[in-house]
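Listed below, chain by chain, are the residues.
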Amino acid sequence: VISLLIYQGLTTGEMAALTVQDINLEEGTIKVKATPKTNARALKLKNRQIMLLHKYIHETRQGLLSTATDKLIITKLGTAESGEGIHYLVSTYKKLLADRNLNPTTIRMSVVTNLLKAGKDLRIVQVFAGHKYPSATERYKQNGIEELKQVIQKLHPLG
């Protein structure tokens, strides 16, 4: 779950909607369904994710199921994940980053922001994030004001 947040920047709703059929381990891809706010897309999985998902789908998930469902993420009660468990899982890591507001949304925002900071093309990031409009992706662009403030504080004679 955490790797899907970090590497694919999925929303909680997108993760809850994933089915086993959306994962193609041979091609190393994940199909993300459209939501009211995002477009459908196919994203690459990292090598480590492929191995983790293979083990989860073929071993762990089977042991968790209490009712038949094709949903990928199963709760410890054996039912399909609705999103609350994802928020709970992320909240267990809050103590590691006490100075930050850690939740699935802020993780997604960080992923998109970091891609833009790294110089990735706006349209590529838009498709990756599933944004319907370029303006939604442009909101994540940082204007560098914090870096500018730090430089001014460092170099200004009265700073």
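Look a little higher up for the structure.
All values reported here derive from a predicted model rather than from experimental measurement.

What about the pairing of strand 2 (residues 29-32)?
Now for step 1: With 2 bridges joining them, strand 1 (residues 23-24) and strand 2 adopt antiparallel strand pairing. Its bridge partner lying in strand 2, Asn 24 is registered against Thr 29.
Now for step 2: Between the end of strand 1 and the start of strand 2, which pair antiparallel, lie 4 residues, with Gly 28 showing a positive phi angle near 70°.
Now for step 3: The pairing of strand 2 with strand 3 (residues 41-44) spans 4 bridges and is classified as antiparallel. Paired with Val 32 across the bridge in strand 3 is Arg 41.

Considerations on the layout of surface pockets
Now for step 1: Quantified by volume, the largest pocket comes out at close to 600 Å³.
Now for step 2: Elements with a contribution of two residues or more to the lining of the largest pocket: helix 1 (2-8), helix 3 (47-64) and helix 4 (84-91).
Now for step 3: Considering each element in turn, the lining of the largest pocket owes the most residues, 6 residues, to helix 3.

Some remarks on the side chain of Thr 137
Now for step 1: If you trace the backbone, Thr 137 turns up in helix 7 (residues 134-138).
Now for step 2: A polar side-chain atom of Thr 137 sits 2.7 Å from a polar atom in the side chain of His 131.
Now for step 3: When residues no more than four places from it in sequence are discounted, the contact partners of Thr 137 are Leu 116, Leu 122, Val 125, Gln 126 and His 131.

Digging into the nonpolar core
Now for step 1: By size, the foremost hydrophobic cluster in this structure holds 23 residues, and its most contacted members are Leu 4, Leu 10, Met 15, Ile 23, Ile 30, Leu 45 and Leu 72.
Now for step 2: When contributions to this core are tallied by element, the ones reaching two or more residues are helix 1, strand 2, helix 3, helix 4 and helix 5 (104-117).
Now for step 3: The element contributing the most residues to this core is helix 3, with 4 residues.
Now for step 4: In this view, Leu 10 contacts Leu 4, Leu 5, Met 15, Leu 18, Ile 30, Val 32, Arg 41, Leu 43 and Arg 108; residues no more than four positions away in its chain are not counted.
Now for step 5: Listed in part, the 6 residues of the second largest apolar core include Val 112, Leu 116, Val 125 and Tyr 140.

Points about helix 6 (residues 122-129)
Now for step 1: By the burial criterion, the buried members of helix 6 are Leu 122, Val 125, Gln 126, Phe 128 and Ala 129. The arc enclosing the buried residues of helix 6, seen along the axis, measures out at 165°, which places them on a common side. Opposite the buried face of helix 6, by more than 90 degrees, sit the exposed residues Arg 123, Ile 124 and Val 127.
Now for step 2: On the buried face of helix 6, the contacting elements are helix 1, strand 3, helix 5 and helix 7.
Now for step 3: The backbone nitrogen of Arg 123 has a side-chain oxygen 3.0 Å away, supplied by the residue at the start of helix 6, namely Asp 121.
Now for step 4: Gly 130, located one to two residues past helix 6, shows a positive phi value of around 80°.

Calculation notes
- Residues numbered from 1 in each chain as written.
- Predicted model: local features only at pLDDT ≥ 70, side-chain atom pairs only at ≥ 80, totals over all residues.
- Heavy atoms only, no water.
- Pairing = 2+ DSSP bridges.
- Helix = DSSP H or I, 4+ residues; strand = E, 2+ residues; numbered from the N terminus.
- 1 Å grid on protein atoms, 1.4 Å probe; cavity = no way out; pocket = protein on both sides within 12 Å on 5 of 7 lines; lining within 4 Å.
- Points joined across faces, edges and corners; volume = space filled by probe spheres on them.
- Polar contact = N/O pair within 3.5 Å; in protein donor to acceptor, adjacent residues only side chain to side chain.
- Contact = heavy atoms within 4.5 Å.
- Core = buried A, V, L, I, M, F, W, Y, C linked by side-chain atoms within 4.5 Å.
- Buried < 20%, exposed > 50% of the residue type's maximum accessible area, 1.4 Å probe, protein only.
- Arc of directions from axis to C-beta.

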